[in-house]
Amino acid sequence: MSISPTDAESARRRQIVDGLLANKQSALEALYCELNNLRYLFQRHLGPDDAQNQYHEFILELAATISHGQLKCPDALYGYARVMAHRKVNDAQTKRLRK
């Protein structure tokens, strides 16, 4: 059983990706809101002190990779973002351990 996005979700993701490719500020804001639930991943693994900064950095890095054409299919936005978020959390945890 596969879960496919609804037409509305697909259109929203396409609009965000197209907006980022066109360097629109509104697309960055939409991306921030669209992936807000990933903020809890950062809070759970990094704690409230680092979570906000790491989440913000993650959104900026994700937007940059999308604007450079790294995301080929807008419907893969959430999966792509989750992988990047997990890597960002792992990197932050590794840096903590090295201190």
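Here the structure is a predicted model, which means the values were calculated and not measured. (Residues numbered from 1 in each chain as written. Predicted model: local features only at pLDDT ≥ 70, side-chain atom pairs only at ≥ 80, totals over all residues. Heavy atoms only, no water.)

**What to know about the packing of helix 1 (residues 7-21) against helix 2 (residues 25-34)**
Here's step 1: The contact between helix 1 and helix 2 brings their axes to 8 Å, and the two run at 135°. The angle between helix 1 and helix 2 places the two elements in the oblique class. Judged by the sense of rotation from one axis to the other, the crossing of helix 1 with helix 2 is left-handed. Taking contact as the criterion, the partners of Arg12, Arg13, Ile16, Gly19 and Leu20 in helix 1 are, on helix 2, Ala27, Leu28, Ala30, Leu31 and Glu34.
Here's step 2: Per-class residue counts for the contact of helix 1 with helix 2 are six nonpolar, one polar and three charged. (Axes fitted to C-alpha atoms, helices over the stretch in contact; angles between N-to-C directions. Helix = DSSP H or I, 4+ residues; strand = E, 2+ residues; numbered from the N terminus. Parallel < 35°, antiparallel > 145°, perpendicular 65-115°, else oblique. Left-handed = near helix turned anticlockwise from the far one by under 90°. Contact = heavy atoms within 4.5 Å. Nonpolar A, V, L, I, M, F, W, Y, C, P; charged D, E, K, R; others polar.)

**Brief notes about the layout of surface pockets**
Here's step 1: Reported here for the largest pocket is a volume of approximately 190 Å³.
Here's step 2: As for the largest pocket, its lining consists of Asp50, Gln54, Glu57, Lys88, Asp91, Ala92, Lys95, Arg96 and Lys99.
Here's step 3: Those elements that place two or more of their residues in the lining of the largest pocket are helix 3 (39-67) and helix 4 (77-98).
Here's step 4: Here the lining of the largest pocket takes five residues from helix 4, the largest share from any one element.
Here's step 5: Residues belonging to the lining of the largest pocket are distributed by class as follows: one nonpolar, one polar and seven charged. (1 Å grid on protein atoms, 1.4 Å probe; cavity = no way out; pocket = protein on both sides within 12 Å on 5 of 7 lines; lining within 4 Å. Points joined across faces, edges and corners; volume = space filled by probe spheres on them.)

**What about the pattern of salt bridges?**
Here's step 1: Inspection of the entire model under this criterion finds five salt bridges.
Here's step 2: Arg12 is the partner of Glu34 in a salt bridge, and the nearest nitrogen-oxygen pair spans 2.7 Å. With Glu34 in helix 2 and Arg12 in helix 1, this residue pair connects regions lying 22 residues apart in the sequence.
Here's step 3: Taking relative accessible area as the criterion, Arg12 reaches 36% and is therefore assigned partly exposed.
Here's step 4: Put simply, Lys88 and Glu61 hold a salt bridge, and the shortest N to O gap is 3.0 Å. Taken as a pair, Lys88 in helix 4 and Glu61 in helix 3 lie far apart in primary sequence, 27 residues in all. (Salt bridge = Lys/Arg side-chain N within 4 Å of Asp/Glu carboxyl O. Buried < 20%, exposed > 50% of the residue type's maximum accessible area, 1.4 Å probe, protein only.)

**Examining unusual backbone geometry**
Here's step 1: If you check the backbone angles, Asn23 has positive phi at about 55° while not being a glycine.
Here's step 2: As for its position among the elements, Asn23 is in the loop between helix 1 and helix 2.

**As for the confidence of the model for the protein**
Here's step 1: Chain-level pLDDT for the protein is 92 on average; 95% of the residues reach the 70-or-more range.
Here's step 2: Per-element mean pLDDT across the protein ranges from 93 in helix 1 up to 96 in helix 2. (pLDDT = per-residue confidence, 0-100.)

**With respect to the side chain of Gln54**
Here's step 1: Looking at the element boundaries, Gln54 is found in helix 3.
Here's step 2: Overall, Gln54 belongs to the buried group, its relative accessible area being 17%.
Here's step 3: Here Gln54 is in contact with Phe42, Leu46, Lys88 and Ala92, once residues within four sequence places are set aside.

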